Amino acid sequence: MRKQILFYVLKYKGEYKQIKRAIERNEEWENVECDENYVTILDDEYPKEFFELDEPPYLFFYRGNLELLKKEKVSVIGSRECSKFANQTCFEFITKLKKDVVIVSGMAKGIDAIAHLNAISLQRFCIGVIGCGCDIFYPKENKDLYEEVINHHLLIS
């Protein structure tokens with residue numbers, strides 16, 4: 001069933017309702033090759049928090065340390081155009097968390113990237129969440145951050 005879900009996710013480009021309908025109808029599918037690591041909704045590694053969503057993803061792609069999903073996490077979100085005060089507040093917030101709490105944020109410029117950079121500078125772990133493929137660095141100026149997250153933390157798409 002893992003390969004079947006992968007096929008539907010790729011065929012329907014992640015469109016939840018179309019994937020759901022294909023699964024319910026047991027639509028025809030074929031085996032596809034995928035070079036990326038992925039977790040399906042049926043896998044033991046699938047985060048229990050995702051089941052709380054109205055439309056939990058049937059599959060997500062990842063690069064990095066999947067074990068980080070098992071740790072306690074806190075999300076940091078904010079403006080793409082943030083102030084020095086926001087940057088300092090983000091840093092102070094992260095310093096006050098327990099050391100084993102994983103920071104989760106997007107990979108956009110602004111507070112998202114700052115949260116990851118602060119976590120890394122404080123020797124904490126982080127999870128980057130993106131809405132495109134794991135091979136796409138957006139924004140381009142965050143390429144080094146992406147590589148750090150992929151190599152020492154976790155990136156999920």
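Structure shown above.
My aim in this report is to walk through the structure given alongside it, one point at a time. (Residues numbered from 1 in each chain as written. Predicted model: local features only at pLDDT ≥ 70, side-chain atom pairs only at ≥ 80, totals over all residues. Heavy atoms only, no water.)

Thoughts on the side chain of His 116
Line of reasoning, step 1. Residue position: His 116 is located in helix H4 (residues 111-121).
Line of reasoning, step 2. Not counting residues within four places of it along the chain, the set of residues in contact with His 116 comprises Ile 103, Ser 105, Gly 106, Met 107, Cys 126, Ile 127, Gly 128 and Leu 145. (Helix = DSSP H or I, 4+ residues; strand = E, 2+ residues; numbered from the N terminus. Contact = heavy atoms within 4.5 Å.)

Here's the deal with the sheet that holds strand E5 (residues 126-129)
Line of reasoning, step 1. The mixed open sheet is built from 6 strands, whose spatial order is E1-E2-E6-E5-E4-E3. Whereas interior strands pair on both sides, the edge strands pair on one side only; in this sheet they are strand E1 (37-40) and strand E3 (73-75). Averaged over all pairs of adjacent strands, the angle between strand axes in this sheet comes to 25 degrees, irrespective of strand direction.
Line of reasoning, step 2. Judged from the 3 bridges that link them, strand E2 (residues 59-64) and strand E6 (residues 154-156) form a sheet pairing that is antiparallel. By the bridge assignment for E6, Gly 64 is matched with Leu 154. (Pairing = 2+ DSSP bridges. Axes fitted to C-alpha atoms, helices over the stretch in contact; angles between N-to-C directions.)

Topic: the environment of Ile 41
Line of reasoning, step 1. Along the chain, Ile 41 turns up in the loop between E1 and E2.
Line of reasoning, step 2. Taking the C-alpha atoms as reference points, Ile 41 and Val 101, separated by 60 residues in sequence, lie 24 Å from one another.
Line of reasoning, step 3. Excluding residues within four positions of it along the chain, Ile 41 makes contact with Ile 5, Tyr 46, Phe 51, Pro 56, Pro 57 and Tyr 58.

Some thoughts on the side chain of Asn 118
Line of reasoning, step 1. Mapped onto the secondary structure, Asn 118 falls in helix H4.
Line of reasoning, step 2. On the accessibility criterion, Asn 118 (9% relative accessible area) is buried.
Line of reasoning, step 3. The contact partners of Asn 118, leaving out residues within four places of it in the chain, are Asn 87, Cys 90, Phe 91 and Ile 94. (Buried < 20%, exposed > 50% of the residue type's maximum accessible area, 1.4 Å probe, protein only.)

Observations regarding the nonpolar core
Line of reasoning, step 1. If you look at the biggest cluster of nonpolar residues, it comprises 49 residues, and the most contacted ones within it are Phe 60, Ile 103, Ile 127, Leu 154 and Leu 155.
Line of reasoning, step 2. Not counting residues within four places of it along the chain, the set of residues in contact with Phe 60 comprises Asn 37, Tyr 38, Val 39, Tyr 46, Pro 47, Phe 50, Leu 66, Leu 69, Ile 156 and Ser 157. (Core = buried A, V, L, I, M, F, W, Y, C linked by side-chain atoms within 4.5 Å.)

As for the packing of helix H1 (residues 2-11) against helix H2 (residues 16-24)
Line of reasoning, step 1. The contact between H1 and H2 brings their axes to 9 Å, and the two run at 140 degrees. The orientation of H1 with respect to H2, classified from their angle, is oblique. Handedness of the H1/H2 crossing: right-handed. Contacts from Ile 5, Tyr 8 and Val 9 of H1 reach H2 at Ile 19, Ala 22 and Ile 23. (Parallel < 35°, antiparallel > 145°, perpendicular 65-115°, else oblique. Left-handed = near helix turned anticlockwise from the far one by under 90°.)

What about the packing of aromatic side chains?
Line of reasoning, step 1. On inspection of all chains with the given rule, the structure shows 8 aromatic pairs.
Line of reasoning, step 2. Taken together, a centroid distance of 4.9 Å and an interplanar angle of 55 degrees make the contact between Tyr 46 and Phe 51 tilted.
Line of reasoning, step 3. Exposure remark for Tyr 46: the relative accessible area of 6% places this residue in the buried category.
Line of reasoning, step 4. Here the aromatic cluster, defined as three or more aromatic residues joined through ring pairs, consists of Tyr 46, Phe 50, Phe 51 and Phe 60. (Phe/Tyr/Trp six-rings, centres within 6.5 Å; stacked < 30°, edge-to-face > 60°.)

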